[in-house]
Amino acid sequence: MSEDTLPDRLSVNPESPFYNESLLERGIGVRFKGVEKTNVEEYCISEGWVRVAVGKTVDRRGNPLTMKLTGPVEVWLKG
């Protein structure tokens, strides 16, 4: 994967196999159905979905509760 190629799937959870700290530090923009989202926990471009945090609610492990939304996903590097 080159420096400017974004992965098909990315997660902000360090326990996920799709976590990439160096990319997250650079800043990733996510647009879902044409609207920029700032509360995305995970995305998958090929499958067309995002997981967004639902308020400030957390599960028993302290992870945010998420909801999976399906639709077109676009991502880009902010920095």
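Here, every reference points to the structure presented above.
What counts as what
- Residues numbered from 1 in each chain as written.
- Predicted model: local features only at pLDDT ≥ 70, side-chain atom pairs only at ≥ 80, totals over all residues.
- Heavy atoms only, no water.
- Helix = DSSP H or I, 4+ residues; strand = E, 2+ residues; numbered from the N terminus.
- Buried < 20%, exposed > 50% of the residue type's maximum accessible area, 1.4 Å probe, protein only.
- Polar contact = N/O pair within 3.5 Å; in protein donor to acceptor, adjacent residues only side chain to side chain.
- Pairing = 2+ DSSP bridges.
- Axes fitted to C-alpha atoms, helices over the stretch in contact; angles between N-to-C directions.
- Phe/Tyr/Trp six-rings, centres within 6.5 Å; stacked < 30°, edge-to-face > 60°.
- Lys NZ or Arg CZ within 6 Å of the ring centre and 35° of its normal.

**Focus on the side chain of S16**
- Here S16 is to be found in the loop between β1 (9–11) and α1 (21–26).
- Looking at S16, the relative accessible area reads 17%, which means it is buried.
- At 3.0 Å, the side chain of S16 forms a polar contact with the backbone nitrogen of F18.

**Observations concerning the sheet that holds strand β6 (residues 64–70)**
- Reading across from one edge, β1-β4-β5-β6 is the order of the four strands in this open sheet, with antiparallel pairing throughout. The open sheet terminates on both sides in strands that have one partner only, identified here as β1 and β6. With strand direction ignored, the average angle separating the axes of adjacent strands in the sheet is 20°.
- Where β1 lies against strand β4 (residues 40–44), three bridges are found, and the strand directions are antiparallel.

**Side note on the packing of aromatic side chains**
- Enumeration over the complete set of coordinates arrives at zero aromatic pairs.
- Sitting over the ring of W49, R51 keeps its end group 5.8 Å from the ring centre.
- Here K68 stacks its cationic end above the ring of W49, 4.7 Å away from the centre of that ring.

**Description of unusual backbone geometry**
- One non-glycine residue with positive phi stands out, namely K33, at about 55°.
- Its location among the elements puts K33 in the loop between β2 (28–32) and β3 (35–37).
- The class of K33 is exposed, set by a relative accessible area of 54%.

**Focus on the pairing of β6**
- Where strand β5 (residues 49–58) and β6 come together, six bridges link them in antiparallel fashion. Among the inter-strand pairings, R51 is bridged to a residue of β6, identified as K68.

**Description of the pairing of β4**
- Of all five residues in β4, four are buried, a share of seventy percent or more.
- Looking at chain direction, β4 and β5 are connected through four bridges and run antiparallel. Looking across to β5, one finds that C44 is bridged to W49.
- Remark: four residues form the turn of the hairpin made by β4 and β5, two consecutive strands paired antiparallel; G48 in that turn has positive phi of roughly 70°.

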